[in-house]
Amino acid sequence: MSKPVATLVPGPEAAASRTARIPAPARTAGAVRAAVAAGPGPRGTRLLRGAALLAAPALLLVLGFQRRWMSDDGLIVVRTVRQILAGNGPVFNVGERVESVTSPAWSWLLAALSWVSGLAPEDAALLAGLLLAPLGLLLGSLGTARLAGLGEGGDDGPRSAVVRVLPAGCLVVAVLPPFWDFTTSGLEIPLVMAWLGWCWWALTGLVAGLPERASGVRLGLLAALLGLGPLVRPELTLVSGCLLLVLRSLAGVPWRRAWRSGLCALALPATYELFRMAYYGMLVPNSAVAKEGLASEVLRGIGYVVDLERSYWLGLVGVLLVVAFAVGVVHHEGRGGRTTEIAGQVRGVRARARQVLRRTVFGTGLLSAGYVVVVGGDFMHARLLLPALFLLLLPVAVVPLPARASRARVAMLVTLGLVGVWAVLSALVWRPAYGGGYGPGGVTDERLWWSAATGTERPLDGEPFVAALNKASPTLREALDLRARGIGPARALLFRGDAAWLYGRTELLPKHATDLVVSGQNAGSIGALVPLDGHAVDTLGLTSPLAAHLEMGERGRPGHEKSLSAEWLMADYAVPGSYAENYQDAVRDAVAAGRRALACPAPAELLAAVREPLTAERVWANLTGAWARTALRIPEGPAEAERALCPRRPA
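All values reported here derive from a predicted model rather than from experimental measurement.

### Regarding the overall build of the protein
Secondary structure summary: the protein contains 31 helices and six strands in total. By sequence separation, contacts in the protein at least 24 residues apart represent 73% of the contacts at least 6 residues apart. By element, 64% of the accessible surface of the protein is carried by carbon and sulfur atoms, the whole surface being about 29,200 Å².

### Overview of the pairing of strand β6 (residues 535-538)
Burial along β6 is two-sided: H535 and V537 facing one way and A536 and D538 facing the other are all buried. Judged from the four bridges that link them, strand β5 (residues 516-520) and β6 form a sheet pairing that is parallel. Looking at the pairing, S519 lines up with V537 of β6. Regarding topology, helix α24 (residues 523-529) serves as the crossover connection from β5 to the parallel β6, and that connection is right-handed.

### Focus on the packing of aromatic side chains
For the coordinates displayed, the defined rule picks out eight aromatic pairs. Their ring planes at 65 degrees and their centres at 6.5 Å tell us that Y438 and W449 sit as a pair that is edge-to-face. With Y438 in the loop between α20 (407-428) and α21 (446-454) and W449 in helix α21, this pair connects stretches of sequence that are eleven residues apart. Residue classification places W449 among the partly exposed positions, given a relative accessible area of 28%. Each ring, one from W450 and one from F465, has its centre 5.1 Å from the other, and the planes form 50 degrees; the classification is tilted. Pair noted here: W450 is in helix α21 and F465 is in helix α22 (residues 462-472), with a separation of 15 residues, a long-range link. The pair formed by W450 and F465 is uniform in burial state, with each residue classed as buried. Taken together through their ring pairs, the aromatic side chains of Y272, F275, Y279 and Y280 make up a single cluster. One residue, R79, lies across the ring of F92, its end atom 5.0 Å from the ring centre. The lysine or arginine in question, R248, covers the ring of W255, its NZ or CZ lying 4.1 Å from the ring centre.

### Side note on the pattern of salt bridges
Counted by the stated rule, this structure contains 20 salt bridges. Close ionic contact of K562 with E292 constitutes a salt bridge, the shortest N to O distance being 2.8 Å. Residue K562 is located in the loop between α25 (545-548) and α26 (566-573), and its partner E292 is located in the loop between α15 (286-290) and α16 (298-312); the two are separated by 270 residues in the primary sequence. Here K562 and E292 have matching classes, each one buried.

### Examining the confidence of the model for the protein
In the predicted model, the protein carries a mean pLDDT of 87, and 87% of its residues have values of at least 70. Looking across the protein, the model is least confident in helix α1 (residues 5-8), with a mean pLDDT of 33, and most confident in helix α19 (residues 386-393), with 98. Here residues 29-39 is modelled with pLDDT under 50, and outside its nearest four sequence neighbours on either side it reaches eleven contacts, counting other chains as well. In this model residues 153-158 is a low-confidence stretch, pLDDT under 50, and it forms 18 contacts with partners more than four residues away in sequence or in other chains.

### A few points about helix α30 (residues 616-631)
Here α30 spans 23 Å end to end across 16 residues, near enough to the 22 Å set by a 1.5 Å rise per residue. For α30, the principal kink sits at G625 and spans about 60 degrees.

### Digging into a positive patch on the surface
Together, R213, R256, R257 and R260 make up a positively charged patch on the protein surface. By secondary structure assignment, the location of R257 is in the loop between α13 (237-251) and α14 (259-279).

### A word on the state of the cysteines
By definition, a disulfide links the sulfur atoms of two cysteine residues through a covalent bond. The tally for this structure, following the rule as stated, stands at one disulfide. Residue pairing for C600: its cysteine sulfur links by disulfide to C646, the two sulfurs lying 1.4 Å apart. Handedness here is read from the sign of the S-S torsion; for C600 and C646, about 70 degrees, the answer is right-handed. With C600 in the loop between α28 (585-598) and α29 (601-611) and C646 in the segment after α31 (638-645), this pair connects stretches of sequence that are 46 residues apart. Relative accessible area serves as the criterion here: at 16%, C646 is assigned to the buried category.

### Re the nonpolar core
What tends to happen in soluble globular proteins is that the nonpolar side chains get buried as a cluster. Membership of the largest hydrophobic core comes to 110 residues, with the highest contact counts inside it found for L203, L357 and W422. Per-element accounting of this core gives the leading share, 13 residues, to helix α10 (residues 189-208). If sequence neighbours within four positions are ignored, W422 has contacts with V172, V175, L176, Y312, W313, L314, V317 and W430.

### Some points on α14
A rise of 1.5 Å per residue sets the reference length of α14, with its 21 residues, at 30 Å; its end C-alpha atoms lie 28 Å apart and thus fit the reference within 8%. Approximately 45 degrees is the largest bend angle found in α14, and it occurs at A267, with the proline P269 only one to four residues beyond. Taken together, the buried positions of α14 are S261, A265, P269, Y272, R276, M277, A278 and Y279. Summarising the contacts, the buried residues of α14 are in contact with α6 (104-117), α11 (216-226), α12 (229-232), α13, α29 and α30.

### Some points on a nonpolar patch on the surface
A contiguous nonpolar surface patch, about 410 Å² in accessible area, is contributed by V298, L299, I302, V306 and V374. Looking at the nonpolar patch, the element that brings in the most residues is α16, giving four residues. By secondary structure assignment, the location of V298 is in helix α16. Residue V298 is classed as partly exposed on the basis of its relative accessible area of 36%.

### Considering the pairing of β5
Across the five residues of β5, five count as buried, placing the element largely inside the fold. Across the two faces of β5 the burial is the same, with L516, V518 and G520 and V517 and S519 all buried.

### Focus on unusual backbone geometry
Following L210, the chain continues into P211 via a peptide bond in cis, with omega recorded as 10 degrees. Mapped onto the secondary structure, P211 falls in the loop between α10 and α11. Backbone geometry places W313, a non-glycine residue, at a positive phi of 55 degrees. Tracing the sequence through the fold places W313 in the loop between α16 and α17 (314-334). Assessed through its relative accessible area of 49%, W313 is described here as partly exposed.

### Observations regarding the side chain of E122
By secondary structure assignment, the location of E122 is in helix α7 (residues 121-149). The class of E122 is buried, set by a relative accessible area of 11%. Those residues in contact with E122 that sit more than four places away from it in its chain are M70, V78, R82, L460, D461 and G462.

Conventions we followed
- Residues numbered from 1 in each chain as written.
- Predicted model: local features only at pLDDT ≥ 70, side-chain atom pairs only at ≥ 80, totals over all residues.
- Heavy atoms only, no water.
- Helix = DSSP H or I, 4+ residues; strand = E, 2+ residues; numbered from the N terminus.
- Contact = heavy atoms within 4.5 Å.
- Areas by Shrake-Rupley, 256 points an atom, 1.4 Å probe, with all protein chains shown as cover.
- Buried < 20%, exposed > 50% of the residue type's maximum accessible area, 1.4 Å probe, protein only.
- Pairing = 2+ DSSP bridges.
- Right-handed = clockwise from strand over helix to strand, strands pointing away.
- Phe/Tyr/Trp six-rings, centres within 6.5 Å; stacked < 30°, edge-to-face > 60°.
- Lys NZ or Arg CZ within 6 Å of the ring centre and 35° of its normal.
- Salt bridge = Lys/Arg side-chain N within 4 Å of Asp/Glu carboxyl O.
- pLDDT = per-residue confidence, 0-100.
- Expected span 1.5 Å × (residues − 1).
- Bend = angle between axes of the 7 residues up to and from the residue.
- Patch = residues over 30% accessible without salt bridge, like charges linked within 9 Å, V, L, I, M, F, W, Y side chains within 5 Å.
- Lys, Arg positive; Asp, Glu negative; His and termini not counted.
- Charge placed at Lys NZ, Arg CZ, Asp CG, Glu CD.
- Disulfide = S-S within 2.5 Å.
- Core = buried A, V, L, I, M, F, W, Y, C linked by side-chain atoms within 4.5 Å.

In structure tokens:
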């Protein structure tokens, strides 16, 4: 008769007494060499892993703080946040509902942070950037390390094993100067990095739980997270779509039941899109129309990619990372090991899931870079390529170190040593050849450019920009000073015309909900100068509905290809008969044609959508007319616009 199981298991006291009587075995020289070759124990492995995961985010935090600054475009976000906090809504100018920011999630996040903390929007942007960018890099590294842990043979539990990893792709992010610059700047790149890192980390967690099916609640929350891309930046809609497809694949959800996750993913973006249509009367942000986000300029886009690659030799480090991936990941995950039949099946499921996830994210990075190429890049060095580059580096953010001394370990250490040499050169030596000037296609190192323009190494708020604007346009400063002393019309339009700021003689039409309109090409600087109850009109179209909807002529510097002329400004804002209108016959005729064009149905509806009170009738008109309004383009010349847009009267 067999004894109960409990009697076969010795108690802790018995085990301790027997252990005390057994002498410790002597460690032979061979055993010592084997222990050294195997590396540190579990505690040492965790310490090395923690150091590897934290090093790059900490480095990015330090270097991002050292290069902290505010960009002119960042000041557009700052003014919008100020308007929200003042109770005027998410607008750039009071009484004109224009979505001048590209990332609604970023502007509302800064508004919430400013409201809760009492920080100025500029300081809130600085704090959020320094927190979110390193956090995104840390989450990305944690997710990649989790996938590496799933390669341990025989692991059939829900958690991945703790393996030794070394920084690879995360180091590339930490040492590239463009990532330093856009960790702050007031723009949304830190939020992009945090969202991408969070999505990657969450998806690797789903892989770690296989083959168990995730609950419906978890899948719904994960789908909602992956669907936030359009709110972070419009072009991240492509990224959201790809990540949602891989979610369906990993979760094993049939297409006929995928609608549930789809609803969760679309809930917030669709709700905001309805708000955008009703409030702004548009399908996309005003900046997307101003920059013609769907126009194609492939050759210029290729030049934009080449500018980034040549500045830092990214092709070289890309080859090194591929080698590190092949040596570390493939060697680590290709090891066998004794496993049960069930554990082997689990391992196979996870291996396939890892491959699907890595390939999808890498392919999504290529697609994201391809979109940037198609639209012609940007005028800021590297900015639009940073999300794509971050995606491409996520699968190799860290790489597992081969467990024992071998050729694979030597090859890994040599490869990462070369990556370290590249990192030093990238951080200290390599820079764009054009410095603080203009590069191919009008690309600039925006931080260097504005540091030189403002005479400040670290412009952190609007004051240096306003000082630079006053220095560059002394007549504008004089005009504002005269107005402050009560000289000139109480309601004034200030704009650059005939090589000078025209003031004192251009009166503003009563229909506008402000007493002061100032126009210029640097929307952020003008917005920092003009009070919140005034109108800062960006002639390049970022904040002006009329300028944004002008037809684009010849392609030029990205984001600077449309320009609202003085004639259009006077037609829209000035009282008829002003000096600026009448000092030349050609100007007078163009202004008159502009007034007639703005009274035509399509332009009149465009302006009414953003300027009329938001009644129920206006909300419905905005919703139903959003498509036509977004597609509207107005010829650049007032006379041509009148002929093209105004219905011809029968002879």
